[in-house]
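Structure assessment
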Amino acid sequence: MELLQSDHRRSVALVVGVTGMAGLALAEALKKPNAVGGPWKVYGVARRPKPIWFPASSVIDDYIFFDAVNYDDTHHNLSPLSHEITHVFWVAIQVRDNEESNVSVNSIMLTNVVNVLTSNPSSRLQHISLQTGTKHYMGPIYDPSHSSRLVPPDTPFREDTDRLPYPNFYYALEDLLHSYSPSLTWSVHRTSIIIGASSRSVYNTLLTLAVYATICRYEGLPLRYPGTRYTWEHFCDVSDARVIADQHIWASVSDTAKNQAFNCTNGDVFTWKSFWEVVSEVFDVEFLGPLDEEEKFDWVGEMKKKGKVWDTIVEENGILKTKMEEITCFDALNTVLHFRFQHVCSMNKSREFGFFGHADTLKRVRMWVERLRDMNIIPRR
């Protein structure tokens, strides 16, 4: 692949959303001695103070927390860096009750950050790397006012698919990127379901399943699959946080990847049956497959009653003090497990442009569970 030459002075990254799964993986990847485009100086940004599980200071050069929705707060914290930052890696997200509000809040955040960084006459900002997702192809699946009218999309998802006629904050953020061209280059990274390690990601499938399995083991219950037989037996894909990080960095310094959108998945597919088998083995708990159509299992409702059980597990195991509702996404995952289509992405464009990152999904599930244990977010056994 053709790379832009960067010296130490030019390679200064701002990772917005650094405490999420992709953000942490990005910071770690950027600080590797062999990171393309490096060596990088890395600033990490989040809304809240640094969590105790966040790695040592060697992962980032400075950690900054502020509310990007507030322009004054954003200006106060970022203007001192506006003469340094060359690349913004946007992996931040705020979720509201409806998609129109998602459009508003996420657009405000990105606009505030970029405007602060570019308002300095000495600004050296060159590139914005934006992370979105497959909701680009599916529509606002978590907004009841729109989701009931959505139709199953054609798969595999391809980057040249026409936009859907529904509000979508991913579209809004892409349009914002286009508005900064040609003074800034950009790339878009449309991820699938992300697996990684963090207690601060909005949609955290693996941690949700880890909490579910831990509670089942604690109560002596089987790990019941709450989805449909269709999703149990048909293909799905995910995006490993480290693969995502590698694609972000590759696109930020590659001439050929400028001003392009790319799907980003592990490059393999799995069935939820195989995924469930791995999770049950890792947590040493019996699993049961999907119920028959006439049977009912209100998984989301049942799990919402388990907050006190999780509190007890946290206390007895001395792990990070978290509230179950803050680290899980049962509603969102339940939606995924009831899809009426195979959730898979084409990686052809990414490969044609020169990115060949990949991961074995089921092996990475084991690795990330172990990482969550090392971070003391879930108990060891």
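Predicted model, so just to flag it, every value in this text is computed and none were measured.

Okay, the overall build of the protein chain next. Along its length, the protein chain carries 16 helices and 13 strands. Taking 2.2 N^0.38 as the reference for a compact globule, 381 residues should give roughly 21 Å; the C-alpha atoms of the protein chain span a radius of gyration of 20 Å, in line with that estimate. Considered along the principal axes of its C-alpha atoms, the protein chain spans approximately 65 × 45 × 35 Å. For the protein chain, with 381 residues in total, the buried portion stands at 57%. The contacts of the protein chain with a sequence gap of at least 6 include a subset with a gap of at least 24, amounting to 81%. Positive and negative side-chain charges in the protein chain, numbering 39 and 46 respectively, have mean positions lying 4 Å apart.

So, about the UniProt feature "domain: PRISE-like Rossmann-fold" (unreviewed entry) in the protein chain. Mapped onto this structure's residue numbering, the UniProt feature "domain: PRISE-like Rossmann-fold" (unreviewed entry) falls at residues 84-379. Within the segment residues 84-379, helix and strand shares are 44% and 12% respectively, and the terminal C-alpha atoms sit 41 Å apart.

Turning next to the packing of aromatic side chains. A complete count under the given rule lists 20 aromatic pairs for this structure. Seen in terms of ring centroids, Tyr137 and Phe157 are 5.0 Å apart; in terms of plane orientation they differ by 5 degrees. Their pairing is stacked. In this pair, Tyr137 is assigned in helix H4 (residues 135-138) and Phe157 in the loop between helix H5 (144-147) and helix H6 (169-180), connecting sequence segments 20 residues apart. For Phe157, a relative accessible area of 1% puts it in the buried group.

Within the largest apolar cluster, 93 residues are counted, with the highest numbers of intra-cluster contacts made by Leu30, Trp40, Tyr212, Trp272, Phe283, Trp310 and Ile378. Summarising the domain contributions, this core has at least three residues from each of domain 1 (12-192 + 239-266 + 344-359) and domain 2 (205-235 + 271-342). Beyond its immediate sequence surroundings of up to four residues, Ile378 is in contact with Leu207, Ala210, Phe283, Trp310, Ile319, Val369, Leu372 and Arg373. With 33 residues, the next largest nonpolar core counts Ile85, Leu110, Val116 and Leu117 among its residues.

Let's shift gears to the packing of helix H7 (residues 205-219) against helix H12 (residues 307-317). To characterise two packed helices, one gives the angle between the axes of the helices and the distance between these axes. Relative to each other, H7 and H12 sit at 85 degrees, their axes nearing to 10 Å. Classified by the interaxial angle, the pair formed by H7 and H12 is roughly perpendicular. Across the interface between the two elements, Val211, Thr214, Ile215, Tyr218 and Glu219 of H7 pack against Val309, Trp310, Thr312, Ile313 and Glu316 of H12. Classifying every residue of the contact of H7 with H12 by side-chain character gives six nonpolar, two polar and two charged.

What follows covers the pairing of strand S4 (residues 87-90). Residue alternation in S4 divides its side chains into two sets, His87 and Phe89 and Val88 and Trp90, and both sets are buried. Inspection of the sheet shows strand S1 (residues 12-16) paired to S4 by four bridges, in the parallel sense. Each residue of the ladder has a partner; that of Val15, found in S4, is Phe89. With helix H3 (residues 99-118) bridging S4 and its parallel neighbour strand S5 (residues 127-133), the resulting β-α-β unit is right-handed.

Below, the discussion takes up the confidence of the model for the protein chain. The predicted structure's coordinates, where accompanied by low pLDDT, should not be read in detail. Chain-level statistics for the protein chain give a pLDDT mean of 95 and a share of 97% at 70 or above. Within the model, the stretch residues 1-8 combines pLDDT values under 50 with 17 contacts to residues more than four positions away or in other chains.

Sheets are built from strands paired through backbone hydrogen bonds, the pairs being either parallel or antiparallel. The strand order S3-S2-S1-S4-S5-S6-S11 describes an open sheet built from seven strands, whose pairing is parallel. Taken across any chain shown, the strands that pair with only one partner, and hence form the sheet edges, are strand S3 (62-65) and strand S11 (260-264). Each neighbouring strand pair of the sheet contributes to a mean axis angle of 20 degrees, computed without reference to strand direction. Across four bridges, the pairing between strand S2 (residues 41-46) and S3 is parallel. Residue pairing in the sheet places Gly44 in a bridge with Tyr63 of S3. Each of S1, S4 and S5 touches H3; the most contacted strand, S4, lies at about 170 degrees to it. Across the sheet, H6 touches S4, S5 and strand S6 (185-191), and the angle it forms with S5 is around 165 degrees.

Further remarks concern unusual backbone geometry. Following Gly38, the chain continues into Pro39 via a peptide bond in cis, with omega recorded as 5 degrees. Residue Ser181 is joined to Pro182 through a cis peptide bond whose omega torsion reads 10 degrees. Looking at the secondary structure, you find Pro182 in the loop between H6 and S6. Even without being a glycine, Asn376 presents a positive backbone phi close to 65 degrees. Examined against the element boundaries, Asn376 turns out to sit in the segment after helix H16 (361-374).

The rules behind the values
All residue numbers refer to position in the chain's written sequence, counted from 1. This being a predicted model, a pLDDT of at least 70 is required before a residue's local features are given, and a value of 80 or more before pairs of side-chain atoms are given or counted; all residues contribute to the totals for chains, interfaces and linings. Side-chain descriptors were evaluated using all non-hydrogen atoms of the structure, hydrogens and water having been removed beforehand. Only DSSP runs of H or I with at least four residues qualify as helices, and only runs of E with at least two residues qualify as strands; both kinds are numbered from the N terminus onward. Restricting the calculation to C-alpha atoms gives the radius of gyration, and the globule rule supplies 2.2 Å times the number of residues raised to the power 0.38. Three labels apply to residues, based on accessible area from a 1.4 Å probe with only protein chains included: buried if under 20% of the type maximum, exposed if over 50%, partly exposed otherwise in between. Working rule for contacts: check all heavy atoms of both residues, and any pair within 4.5 Å makes them a contact. For the purpose of counting charges, residues Lys and Arg are taken to be positive, whereas Asp and Glu are taken to be negative. His and the chain ends are not included. Lys charges are placed at NZ, Arg charges at CZ, Asp charges at CG and Glu charges at CD. UniProt positions are given in the numbering used here, feature names are shortened, and annotations may be inferred rather than shown by experiment. Aromatic rings from Phe, Tyr and Trp, with only the six-membered ring used for Trp, were paired whenever their centres fell within 6.5 Å, and each pair was classed as stacked if the ring planes differed by under 30 degrees, edge-to-face if by over 60, and tilted otherwise. To form a nonpolar core, buried Ala, Val, Leu, Ile, Met, Phe, Trp, Tyr and Cys residues must be joined to one another through side-chain atoms within 4.5 Å. Start and end points for every domain follow an automatic or database-based domain assignment. All axes here are fitted lines through C-alpha atoms, helices being fitted over the stretch that makes contact, and every angle between N-to-C directions spans 0 to 180 degrees. What sets the label is the angle itself: under 35 degrees gives roughly parallel, over 145 gives roughly antiparallel, 65 to 115 gives roughly perpendicular, and the rest give oblique. Gly is placed with the polar residues, together with every amino acid not listed as nonpolar (Ala, Val, Leu, Ile, Met, Phe, Trp, Tyr, Cys and Pro) or charged (Asp, Glu, Lys and Arg). Strand pairing is assigned whenever DSSP identifies at least 2 bridges connecting the two strands. For a crossover, the right-handed case is the one in which the path from the first strand over the helix to the second runs clockwise, viewed with the strands pointing away from the viewer. A residue's pLDDT is simply how confident the predictor is in it, with values from 0 to 100.

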